[in-house]
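The residues making up each chain are set out below.
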Amino acid sequence: MFVVSLNYKVPLAEIDRLGPAHVEWLKACYAEGIFVASGPKRPRTGGIIIARAPRDVLDARLADDPFARAGAADYNVTEFTAKMTVAQLDAFKEL
């Protein structure tokens with residue numbers, strides 16, 4: 001699994017302008033089964049995505065994010081192994 005940390009590089013007005021396309025991109029990634037959870041950081045300096053996919057697939061999808069295509073965000077990807085979860089997330093454990 002991966003934790004993806006987005007950091008905005010442009011003013012929030014530009015992020016808001018790109019937001020609808022970004023949400024559509026998120027929905028497509030969820031439909032493909034790549035994303036597990038996502039949301040904005042507080043304060044609103046970027047976002048976090050939890051993903052489950054091969055790294056090359058994740059990298060390709062991140063490159064297609066409207067924020068990435070516009071140069072509006074940087075992406076830091078950290079891989080981790082989920083050894084423990086709450087019962088509702090047991091399907092994401094890696095043994």
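Up top you'll find the structure we're talking about.
Residues numbered from 1 in each chain as written. Predicted model: local features only at pLDDT ≥ 70, side-chain atom pairs only at ≥ 80, totals over all residues. Heavy atoms only, no water.

K.L.:
What exactly am I supposed to notice about the overall build of the protein chain here?
P.N.:
A tally of regular secondary structure across the protein chain gives three helices and four strands. Taken from N to C terminus, the helices and strands of the protein chain fall in the order β-α-β-β-α-α-β. Compactness check: the protein chain gives a C-alpha radius of gyration of 14 Å against a globular reference of 12 Å for 95 residues, within 12% of the reference. Projected onto its principal axes, the C-alpha coordinates of the protein chain cover approximately 40 × 25 × 20 Å. Going through the 95 residues of the protein chain one by one, you find that 33% of them count as buried. Here the analysis covers contacts within the protein chain between residues at least 6 apart in sequence; of these, 64% occur between residues at least 24 apart. Taken as a whole, the protein chain presents about 5700 Å² of accessible surface, with 58% of it coming from carbon and sulfur. Put simply, the protein chain has 12 plus and 12 minus side-chain charges, and the middle of one group is 4 Å from the middle of the other. (Helix = DSSP H or I, 4+ residues; strand = E, 2+ residues; numbered from the N terminus. Rg over C-alpha atoms; globule rule 2.2 N^0.38 Å. Buried < 20%, exposed > 50% of the residue type's maximum accessible area, 1.4 Å probe, protein only. Contact = heavy atoms within 4.5 Å. Areas by Shrake-Rupley, 256 points an atom, 1.4 Å probe, with all protein chains shown as cover. Lys, Arg positive; Asp, Glu negative; His and termini not counted. Charge placed at Lys NZ, Arg CZ, Asp CG, Glu CD.)

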